[in-house]
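Single-letter residue listing:
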Amino acid sequence: MEKKTPIITIRNLHYTYPDGTVALRGVNLTVFEGESIALVGKNGSGKSTLIKHINGLYRPEEGEIIVDGLPVVEENLREIRSRVGMVFQDPDSQLFCSTLYDDVAFGPINLDMEPGLIEQRVHEALEKMGLLEFMHRPPHDLSFGQRKRAAMATVLSMRPKIMIFDEPTSNLDPKNEAIMTGLLRDLPTTMILVSHDLPILYQTCQKVVIMREGKIDQILSMQEFISDVNLLRTNGLDFTFRCDCCHQDPKHHRYLTEEQEISESFEPSPP
Ligand SMILES: Nc1ncnc2c1ncn2[C@@H]1O[C@H](COP(=O)(O)OP(=O)(O)O)[C@@H](O)[C@H]1O
Ligand SMILES: [Mg+2]
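Given the structure is predicted, the values throughout are model-derived calculations rather than measurements.

Cut-offs used in this document
- Residues numbered from 1 in each chain as written.
- Chains lettered and ligands numbered in written order.
- Predicted model: local features only at pLDDT ≥ 70, side-chain atom pairs only at ≥ 80, totals over all residues.
- Axes fitted to C-alpha atoms, helices over the stretch in contact; angles between N-to-C directions.
- Helix = DSSP H or I, 4+ residues; strand = E, 2+ residues; numbered from the N terminus.
- Parallel < 35°, antiparallel > 145°, perpendicular 65-115°, else oblique.
- Left-handed = near helix turned anticlockwise from the far one by under 90°.
- Contact = placed C-beta atoms within 7 Å.
- Nonpolar A, V, L, I, M, F, W, Y, C, P; charged D, E, K, R; others polar.
- Near = placed C-beta within 6 Å.
- Core = buried A, V, L, I, M, F, W, Y, C linked by C-beta atoms within 7 Å.
- Buried ≥ 20, exposed ≤ 12 C-beta atoms within 10 Å, placed from the backbone.
- Expected span 1.5 Å × (residues − 1).
- Pairing = 2+ DSSP bridges.

Colleague: Which residues make up the packing of helix H5 (residues 144–156) against helix H6 (residues 174–186), and what values do they have?
Modeller: Axis separation between H5 and H6 bottoms out at 10 Å; the angle between their running directions is 15°. As judged from the angle between their axes, H5 and H6 are roughly parallel. Note on packing geometry: the crossing formed by H5 with H6 is right-handed. Across the interface between the two elements, Gly 145, Lys 148, Arg 149 and Met 152 from H5 touch Asn 176, Met 180 and Leu 183 from H6. Broken down by class, the residue content of the contact of H5 with H6 amounts to three nonpolar, two polar and two charged.

Colleague: Can you tell me about the site of ligand 1, naming the residues and giving the values?
Modeller: Residues in close proximity to ligand 1 include Tyr 17, Asp 19, Thr 21, Ala 23, Gly 41, Asn 43, Gly 44, Ser 45, Gly 46, Lys 47, Ser 48 and Thr 49, which together make up its full environment. It is helix H1 (residues 47–54) that provides the largest number of residues to the shell around ligand 1, a total of three residues. Classifying every residue of the shell around ligand 1 gives two nonpolar, eight polar and two charged.

Colleague: Can you tell me about the nonpolar core, naming the residues and giving the values?
Modeller: Counting residues in each nonpolar core, the largest one holds 68 residues, and the members touching the most others are Ile 37, Leu 39, Ala 153, Ile 164 and Leu 193. If one sorts the elements of this core by residue count, H5 sits on top with six residues. The contact partners of Ala 153, leaving out residues within four places of it in the chain, are Val 104, Ala 125, Leu 126, Met 129 and Leu 131.

Colleague: Before we move on, could you go through H5 and cite the residues and values that matter?
Modeller: Counted at 1.5 Å a residue, the expected span for H5 with its 13 residues is 18 Å, and the 18 Å between its end C-alpha atoms agrees. Counting buried positions over the 13 residues of H5 gives eleven, a clear majority of the element. When H5 is considered as a whole, its buried residues turn out to be Gln 146, Arg 147, Lys 148, Arg 149, Ala 150, Ala 151, Met 152, Ala 153, Thr 154, Val 155 and Leu 156.

Colleague: Describe the sheet that holds strand E3 (residues 36–40), and please don't skip the residues or the numbers.
Modeller: Sheet strands line up and pair through hydrogen bonds in the backbone, either parallel or antiparallel. Ordered by their spatial adjacency, six strands build an open sheet running E6-E7-E8-E3-E9-E10, and the pairing between neighbours is mixed. On the outer flanks of this sheet lie strand E6 (84–87) and strand E10 (215–221), each paired with one strand and no other. The sheet shows a mean angle of 20° between the axes of neighbouring strands, direction not considered. Relative to strand E8 (residues 190–194), E3 runs parallel, the two sharing four bridges. Within E8, the position partnered with Ser 36 by the bridge is Met 191.

Just distances and angles here, no functional claims.
The structure is reproduced here in structure tokens:
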């Protein structure tokens, strides 16, 4: 059997916010290289708090995290953040330059890449996100869906080995949702996806990690997860609409793109 390499190891992670709210109560989790993980659970179960520990935005109160062989500690943060790309729910928290180009170049510049390589990475990321034509625009001039993709481009330009998304399809219209789903499905990296949107999770992830009250409650395959309506319901997953996906073979993931028109101008480039 193929040997699996752990790329994220989390051991006994505890975290309490400064106001005394206990958010994580002993999380243990191993993510293997190349896996696509759906991280689910009710609101407040600790998903966002957990992922922010993986690139060192939050520091554990107790426990440890190892990413790609490196402990998540102060002296490794720069290296870890080049390997772990995090895309937040609100794209505007990741777009702060006067042009889209500058925002997407920000990461590579901070990694001290050569100017020629920076330009190449920016072009590549914008092209993948279908945003090349907007390169010189201020990000706030773009639509919400375009800003969501722009936030993804700011991370892609660093070519991280691991990508983590918090609600990447929330508030997107069907067209942008279909585009985003296609992009997530084609990512060549290890991926953790936090979402309540079952069709998106089903189309992009093979494994489901369920959080409950600051702990990992269950780990199961996507097939096992979608076969358990009670489990879906208790974890607040939106499955009442479009649940035809639940009866399809995972190899036939095409219903979103068939039902929803994808903008003719958008043609994702091959990975
Ligand atoms: N900045 C914060 N200050 C205090 N408590 C917080 C903060 N952010 C989240 N929490 C609390 O921590 C717990 C876990 O929240 P969170 O990680 O955001 O859950 P999820 O992403 O699963 O909805 C909840 O009880 C939430 O209210
Ligand atoms: Mg959250």
